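One letter stands for each residue in the lines below.
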Amino acid sequence: RQIKLNSRITKFDIENDQSSLERKLPRTLYLLTTNDGNNWKFPSFNVNNSDSIGLHQITENGLRNIGGDKINTWSVSNSPVAVIKHQDSTREFLLKSHIIAGKFDLQKNQKEIQQFKWLVKEEIKELVDQSYYSKIEHLINDI
């Protein structure tokens, strides 16, 4: 039997539905979120000094809080891949996770995130603030 390959272009590519993980199949997609519709960035979660769990567990819990429990993720490392220092002395720790299976479904009961998008590198560059992009550009895969 002859094997017929599925198209690598999906209906979500054609519709430019950036909320779907079923787009840009040959590329690496990154989750970006906003709470005001303007300032897009990687999702972030508060760390309390009283937390007795690691950053990777805080990240996994935070992703499930905003995206539901129907998503199966794998943290690449327990350590951050980068730290962004902000002018107000706060720090943002960036951790890398992969989605193994499931669906990201924005939860209505959380208040931190209003919108999300799954984007490739070029789309991220067009959407985020240039100073933020210069801090994360080296972390984003070209493929």
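The model shown is predicted, which means the values in this text are computed figures rather than measured ones.

Colleague: Help me understand the nonpolar core, please; the structure alone is not making it clear to me.
Modeller: The nonpolar side chains of a soluble globular protein tend to be buried, and buried together. Core analysis: the biggest nonpolar cluster contains 14 residues, and Leu32, Phe42, Ile124, Val128, Ile136 and Ile140 have the highest contact counts within it. Mapped by element, the contributors of at least two residues to this core are strand E1 (30-34), strand E3 (82-85) and helix H4 (130-136). Residue contributions to this core peak at 3 residues, all from H4. Beyond its immediate stretch of four places on either side in the chain, Leu32 contacts Trp40, Lys41, Phe42, Gln115, Phe116, Lys117, Leu119, Ile124 and Val128.

Colleague: Whenever I open this one, a nonpolar patch on the surface confuses me. Can you help?
Modeller: On the surface, Trp74, Val76 and Ile100 cluster together into a nonpolar patch covering about 290 Å² of accessible area. Of note, Trp74 is situated in strand E2 (residues 71-75). Overall, the relative accessible area of 45% leaves Trp74 in the partly exposed class.

Colleague: For this particular structure, what's the right way to read the pattern of salt bridges?
Modeller: A side chain with one charge may pair with a side chain of the opposite charge, provided their charged atoms come close. Evaluation of the coordinates by the stated rule reveals 3 salt bridges. Linking Glu123 and Arg23 is a salt bridge whose minimum nitrogen-to-oxygen distance equals 2.6 Å. A residue pair is termed long-range when its members are at least 10 positions apart, and Glu123 in helix H3 (residues 121-127) and Arg23 in the loop between helix H1 (11-14) and E1 qualify at 100 residues. The class of Glu123 is buried, set by a relative accessible area of 14%. Lys121 is paired through a salt bridge with Asp142; the nearest N and O atoms lie 2.7 Å apart. One end of the pair, Lys121, is in helix H3; the other, Asp142, is in the segment after H4, and 21 residues separate them in sequence.

Colleague: So what exactly am I meant to see when it comes to the environment of Ser77 here?
Modeller: Within the secondary structure, Ser77 is located in the loop between E2 and E3. Residue Ser77 is classed as partly exposed on the basis of its relative accessible area, which comes to 30%. Between the alpha carbons of Ser77 and Lys96 there is a distance of 7.1 Å; along the sequence they are 19 residues apart. Within polar-contact distance, the side chain of Ser77 engages the backbone nitrogen of Ser79 at 3.0 Å.

Colleague: Is there a simple way to think about the packing of aromatic side chains in this case?
Modeller: Two aromatic rings are characterised by how far apart their centres lie and by the angle between their planes. Tallied over the full model, the rule gives 4 aromatic pairs. For the ring pair Phe104 and Trp118, a centre distance of 5.7 Å and an interplane angle of 90° mean the geometry is edge-to-face. With Phe104 in the loop between strand E5 (97-102) and strand E6 (115-119) and Trp118 in strand E6, this residue pair connects regions lying 14 residues apart in the sequence. With a relative accessible area of 6%, Phe104 lands in the buried category. Each member of the aromatic cluster is reached from another via a ring pair, and the members are Tyr30, Phe42 and Tyr132. Directly above the ring of Trp40 sits Lys117, whose terminal nitrogen or CZ lies 4.9 Å from the centroid.

Colleague: Sorry, what's going on with the side chain of Ser20 here?
Modeller: Following the sequence through the fold, Ser20 ends up in the loop between H1 and E1. With residues near it in sequence (within four places) discarded, Ser20 still touches Phe12, Leu29 and Trp118.

Colleague: Even after reading the chapter, I still don't get the environment of Leu32, so can you show me in this structure?
Modeller: Along the polypeptide, Leu32 turns up in strand E1. Residue classification places Leu32 among the buried residues on the basis of a relative accessible area of 0%. Taking the C-alpha atoms as reference, Leu32 lies 5.4 Å from Lys117; in sequence the two are 85 residues apart.

The rules behind each value
Residues numbered from 1 in each chain as written. Predicted model: local features only at pLDDT ≥ 70, side-chain atom pairs only at ≥ 80, totals over all residues. Heavy atoms only, no water. Core = buried A, V, L, I, M, F, W, Y, C linked by side-chain atoms within 4.5 Å. Buried < 20%, exposed > 50% of the residue type's maximum accessible area, 1.4 Å probe, protein only. Helix = DSSP H or I, 4+ residues; strand = E, 2+ residues; numbered from the N terminus. Contact = heavy atoms within 4.5 Å. Patch = residues over 30% accessible without salt bridge, like charges linked within 9 Å, V, L, I, M, F, W, Y side chains within 5 Å. Areas by Shrake-Rupley, 256 points an atom, 1.4 Å probe, with all protein chains shown as cover. Salt bridge = Lys/Arg side-chain N within 4 Å of Asp/Glu carboxyl O. Polar contact = N/O pair within 3.5 Å; in protein donor to acceptor, adjacent residues only side chain to side chain. Phe/Tyr/Trp six-rings, centres within 6.5 Å; stacked < 30°, edge-to-face > 60°. Lys NZ or Arg CZ within 6 Å of the ring centre and 35° of its normal.

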